[in-house]
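# Results of the structural survey
Residue strings, one per chain:
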Amino acid sequence: MTPPEPNVGVVVLAWHAEPYLRDCVRAVLDSTGLALQVILVDNDCRPEDLAKVPDDPRVTILRPGRNTGF
């Protein structure tokens, strides 16, 4: 019997200018051999950086409306 894929949750914080945000999320999504969920916390990130985040059902963006810290 094949063991089930491990479930992995990754939390990514985004604050102000995030030029590598898309690359960061894409790298996590490219992981193999696991069931994956990415929680992206928008701590007042630039809208243009958030717009580049891959549209993927495994990505959830939380928008608390202000920088809540880590």
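The structure reproduced in this document is the subject of the present report. (Residues numbered from 1 in each chain as written. Predicted model: local features only at pLDDT ≥ 70, side-chain atom pairs only at ≥ 80, totals over all residues. Heavy atoms only, no water.)

### A few points about the pattern of salt bridges
The condition is simple: Within this document, salt bridges are pairs made up of a side-chain nitrogen of Lys or Arg and a carboxyl oxygen of Asp or Glu, the two lying within 4 Å of each other. For the exposure calls, accessible area comes from a 1.4 Å probe over protein chains only, and a residue counts as buried if that area is under 20% of its type's maximum, exposed if over 50%, partly exposed in between.
Counted under the stated rule, the structure contains six salt bridges. The shortest N-O distance in the salt bridge between Asp23 and Arg22 comes to 3.5 Å. For Arg22, a relative accessible area of 38% gives the class partly exposed. Of the charged contacts in the structure, one is a salt bridge between Arg46 and Asp49, with a shortest N-O distance of 2.9 Å.

### Examining the environment of Glu18
This is how it is decided: Numbered from the N terminus, helices here are DSSP runs of H or I no shorter than four residues, and strands are runs of E no shorter than two.
Structurally, Glu18 can be placed in the loop between β1 (7-16) and α1 (21-29). With 14 residues separating them along the chain, Glu18 and Pro4 place their C-alpha atoms 35 Å apart.

### Topic: the sheet that holds β1
Cut-off, in case you're wondering: If DSSP finds at least two bridges between two strands, the strands pair. Only C-alpha atoms enter the line fits that serve as axes; for helices the fit covers just the stretch in contact. Angles between N-to-C directions range over 0 to 180 degrees.
In spatial order, the strands read β1-β2-β3; together these three strands make up an open sheet with parallel pairing. Both outer strands of the open sheet, β1 and β3 (59-62), are each paired with one neighbouring strand and no more. Each strand axis lies, on average, 20° off the axis of its neighbour in the sheet, ignoring direction. Pairing of strand β2 (residues 35-45) with β3, which is carried by four bridges, proceeds in the parallel orientation. Note on β3: the bridge partner recorded for Ile39 is Thr60.

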